[in-house]
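Residue-level structure breakdown
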Amino acid sequence: MNSATHIAIIMDGNGRWAELQGKKRVKGHEAGAKVVKNITTFCSNHPDIERLTLYAFSTENWKRPRLEVEFLMKLLNSYLKNELPVYLKNNVRFEPIGDVRAFSKQLQKTIKIVQEDTAHCDGLVQSLALNYGSQDEILRAMNKLKNTEGEITQEMFSNTLDCKYNVDLLIRTGGDHRLSNYLLWQAAYAELFFTDTLWPDFTPQDLEKIIKKFTKVERRFGGLK
Ligand code: FPP
């Protein structure tokens, strides 16, 4: 049986969820943040899950209207501040991935505080992908390695990426079937699950069902049975 050790999620559908209810798009992000909280708590109590990596803001999301970007930045900041005691209570270590240098000094400071204050936690690792894009991550790794003498090995390359761990199960909510520049290297052998459920409607029970299906899938990693 497979173990869903590292789960990655593309949390899509916040805007549509809000629009369906006649609300502004940002209300969908607010509802989405509550789901981040619930899913993280569920994963922190799950015996098999070691890592949860959530796509919170992509390198492409800067193209959204200025007010929506500003709202997302404020939401991230308040989410992290409010969640710090919850991370500590649930023994969750927070490890951001992505190039956070593009964020405001204030948000960078909050990210650093939560990362440092939870560094000793040895339960679930929750990574938020923040100003993250796989192509950007790979390019930054290549630039870090460009003066390396000799051949670059797969292990050296993996260890230079922001996210150094293979993904077992990659889920996308919101109905689209694409990877959107997310963990392209790390998802090389991931099982992919797509659901039409919009992120604000996604529940721990939905995740549990996907994990159950995943545990039964035969993974061959390029080999034979
Ligand atoms: C996609 O919905 C969602 C995002 C832009 C990123 C995810 C953001 C959240 C879950 C909220 C904040 C997160 C944290 C950690 C506080 P969309 O707007 O693309 O939805 P649409 O496809 O329906 O327009």
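An account of the accompanying structure is given in this report. (Residues numbered from 1 in each chain as written. Predicted model: local features only at pLDDT ≥ 70, side-chain atom pairs only at ≥ 80, totals over all residues. Heavy atoms only, no water.)

Turning our eyes to something else, we now look at the site of the ligand. Near the ligand you find 18 residues, and of these Asp12, Gly15, Arg16, Arg25 and Arg64 are the closest. One nitrogen or oxygen atom from the side chain of Asp12 is found 2.9 Å from an oxygen atom belonging to the ligand. At 3.1 Å, a backbone N or O of Gly15 approaches an oxygen atom of the ligand. In the shell around the ligand, the residues fall into 9 nonpolar, 5 polar and 4 charged. (Near = heavy atom within 4 Å. Polar contact = N/O pair within 3.5 Å; in protein donor to acceptor, adjacent residues only side chain to side chain. Nonpolar A, V, L, I, M, F, W, Y, C, P; charged D, E, K, R; others polar.)

What follows deals with the nonpolar core. In terms of nonpolar packing, the biggest core is built from 42 residues, with Ile7, Ile9, Ile39, Leu169 and Leu207 touching the most fellow members. The set of elements that each furnish at least two residues to this core consists of strand 1 (6-10), helix 2 (25-44), strand 2 (51-58), helix 3 (66-89), helix 4 (105-117), strand 4 (125-132), strand 5 (169-172) and helix 7 (204-216). Counting residues per element, this core draws most heavily on helix 3, at 9 residues. In this structure, Leu169 is in contact with Ala4, His6, Ile7, Ala8, Glu191, Phe193, Ile210, Ile211 and Phe214, ignoring residues within four places of it in sequence. One finds Ala8, Ala129, Leu183 and Ala187 within the second-largest nonpolar core, a separate group that totals 13 residues. (Core = buried A, V, L, I, M, F, W, Y, C linked by side-chain atoms within 4.5 Å. Buried < 20%, exposed > 50% of the residue type's maximum accessible area, 1.4 Å probe, protein only. Helix = DSSP H or I, 4+ residues; strand = E, 2+ residues; numbered from the N terminus. Contact = heavy atoms within 4.5 Å.)

A word on the sheet that holds strand 3 (residues 93-94). With respect to topology, 6 strands assemble into an open sheet ordered 3-4-2-1-5-6, the strand pairing being parallel. The open sheet has two edge strands, strand 3 and strand 6 (191-194), and neither has a second partner. Across the sheet, helix 2 lies against strand 1, strand 2 and strand 4, angled at about 160° from strand 2, the strand it touches most. Against the sheet, helix 7 engages strand 1, strand 5 and strand 6, with an angle of about 140° to strand 5. (Pairing = 2+ DSSP bridges. Axes fitted to C-alpha atoms, helices over the stretch in contact; angles between N-to-C directions.)

Right, let's talk about the pairing of strand 6 for a bit. Only one face of strand 6 is buried: it carries Glu191 and Phe193, and the other face, with Leu192 and Phe194, is open. As paired elements, strand 5 and strand 6 share 4 bridges and run parallel to each other. Pairing of Leu169 across the sheet is with Glu191, part of strand 6.

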